[in-house]
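# Notes for the structure review
Each chain, written out:
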Amino acid sequence: MAVTLAGCRTTGGTPAAVEIPPIEAVVASLTRPLPGPFVALYRLRVPSTGGLRLSVIADGGQGRMTVSESLGGAVVVAGWDDQGGSVIFDLREGCRLEGKHAVEALGLGSLPLSRVVLLLGGRIPALEGDQVTALGRKNIFEIAGAGWWSVAELAYEPLRLSALRGEDWEVELDKHTSSVPGSIRFEIPSGDWAELELVRLQWEFSGELPTLPELPVCGR
């Protein structure tokens, strides 16, 4: 896995020496809590269209994602919390998907929404209790949790996450401001993909999360 992630990257000439901080400092920096509630707006492109918007609100282990048409209303709403898992509402079909099927519907494979928010916020997607281990290179790390794992590639100056691979998904991150990525591309083995371009980000949120709709389970 480490070989797949590392790849061959040449830029011409002799690269400037990069001072690599101690591994313990790297892990501490990229697993520290987000500075506050995460509120962001993205342009969203998928194979069928590029005219979508994705809004994200995450606060205290809970969150909401909403996919909207640029000149229309919301078409998908997702909600999650650390205890109850994920649920997705297909507003066009008027029904909901839960658990594993909900995450699959977003094209994220086995990447939970609570970990997605950490990625968007410029962190390694490690939750409490996960193990973060260097894999023989100073920029390749494994994150392992209960029934879940991923391998991360880091870049330095500034310290940031540049790529991540899991069992059935991969993510490329670019155009960072400090450690926060401005461009994110998700892919899964089926060939489906989604690209996010950051439009606005703030680290504050007041009030309660939007109420989720009451819809029947899809297929019933």
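Rules behind the numbers
- Residues numbered from 1 in each chain as written.
- Predicted model: local features only at pLDDT ≥ 70, side-chain atom pairs only at ≥ 80, totals over all residues.
- Heavy atoms only, no water.
- Helix = DSSP H or I, 4+ residues; strand = E, 2+ residues; numbered from the N terminus.
- Buried < 20%, exposed > 50% of the residue type's maximum accessible area, 1.4 Å probe, protein only.
- Areas by Shrake-Rupley, 256 points an atom, 1.4 Å probe, with all protein chains shown as cover.
- Contact = heavy atoms within 4.5 Å.
- Core = buried A, V, L, I, M, F, W, Y, C linked by side-chain atoms within 4.5 Å.
- Phe/Tyr/Trp six-rings, centres within 6.5 Å; stacked < 30°, edge-to-face > 60°.
- Lys NZ or Arg CZ within 6 Å of the ring centre and 35° of its normal.
- Pairing = 2+ DSSP bridges.
- Arc of directions from axis to C-beta.

## Examining the overall build of the protein
Of regular secondary structure, the protein possesses four helices and 13 strands. A buried classification covers 40% of the 220 residues belonging to the protein. Surface exposure of the protein reaches about 12100 Å², of which carbon and sulfur atoms provide 50%.

## A closer look at the side chain of Ser68
Note that Ser68 resides in strand β3 (residues 62–69). The class for Ser68 is buried, based on a relative accessible area of 17%. Setting aside residues no more than four positions away along its own chain, Ser68 makes contact with Gly51, Leu52, Arg53, Gly73, Ala74 and Val75.

## Considering the nonpolar core
Of all hydrophobic cores here, the largest spans 46 residues; its most connected members are Phe38, Tyr42, Val56, Leu111, Leu154 and Val171. Excluding residues that lie within four positions of it along the chain, Val56 makes contacts with Phe38, Val39, Ala40, Tyr42, Arg64, Met65, Trp80, Val117 and Leu120.

## Description of the packing of aromatic side chains
Counted by the stated rule, this structure contains two aromatic pairs. Each ring, one from Phe38 and one from Trp203, has its centre 5.5 Å from the other, and the planes form 65°; the classification is edge-to-face. Taken together, the positions of Phe38 in strand β1 (residues 38–46) and Trp203 in the segment after β13 (193–202) put the pair 165 residues apart, joining distant regions of the chain. Between Trp148 and Trp169, the aromatic rings sit 6.1 Å apart at their centres with planes inclined by 15°, giving stacked as the arrangement. Here Trp148 is found in strand β9 (residues 148–155), whereas its partner Trp169 is found in the loop between β10 (160–165) and β11 (170–174), with 21 residues between them in sequence. For Trp148, a relative accessible area of 8% translates into the label buried. Here the basic side chain of Arg115 rests over the ring of Trp148, its NZ or CZ set 3.8 Å away from the ring centre.

## A closer look at the pairing of strand β8 (residues 140–145)
Consecutive side chains of a regular strand alternate in pointing toward one face of the sheet and then the other. Pairing of strand β7 (residues 131–134) with β8 involves four bridges; the strand directions are antiparallel. Across the sheet, Val132 pairs through a bridge with Ile143, a residue of β8. If you look at the hairpin formed by β7 and β8, you'll find five residues sitting between the two strands, and Gly136 has a positive phi there, around 85°. Where β8 folds back on β9, the antiparallel hairpin that results is connected by two residues, among which Gly147 adopts a positive phi of roughly 70°.

## Description of the side chain of Ser162
As for its placement among the helices and strands, Ser162 is situated in strand β10. Assessed through its relative accessible area of 12%, Ser162 is described here as buried. Excluding its chain neighbours within four sequence positions, the residues that come into contact with Ser162 are Glu153, Leu154, Ala155, Val171, Glu172 and Leu173.

## Some remarks on helix α4 (residues 113–120)
In terms of burial, α4 is a largely internal element, eight of the eight residues being buried. Residues of α4 that are buried: Leu113, Ser114, Arg115, Val116, Val117, Leu118, Leu119 and Leu120. Backbone geometry just downstream of α4 places Gly122 in the positive-phi region, at approximately 90°.

## Focus on helix α2 (residues 23–31)
For α2, the set of buried residues is Val26, Val27 and Leu30. Projection of α2 onto a plane perpendicular to its axis shows the buried side chains occupying an angular sector of 95°, all on one side. Here the buried face of α2 lies against β7, β8 and β9.

## As for the pairing of β10
Counting buried positions over the six residues of β10 gives five, a clear majority of the element. Strand direction decides the pairing type here: β9 and β10, joined by five bridges, are antiparallel. Across the sheet, residue Val151 finds its bridge partner in β10, namely Arg165. Counting the residues between successive antiparallel strands, the hairpin from β9 to β10 contains four residues, one of them, Glu157, with a positive phi of roughly 55°.

## Here we look at the environment of Gly61
Position of Gly61 among the secondary structure elements: in the loop between β2 (49–59) and β3. Exposure remark for Gly61: the relative accessible area of 25% places this residue in the partly exposed category. Sequence separation between Gly61 and Pro37 is 24 residues, and the spatial gap between their C-alpha atoms is 9.7 Å. Leaving out residues up to four positions away in the same chain, Gly61 has contacts with Trp80, Asp81 and Asp82.

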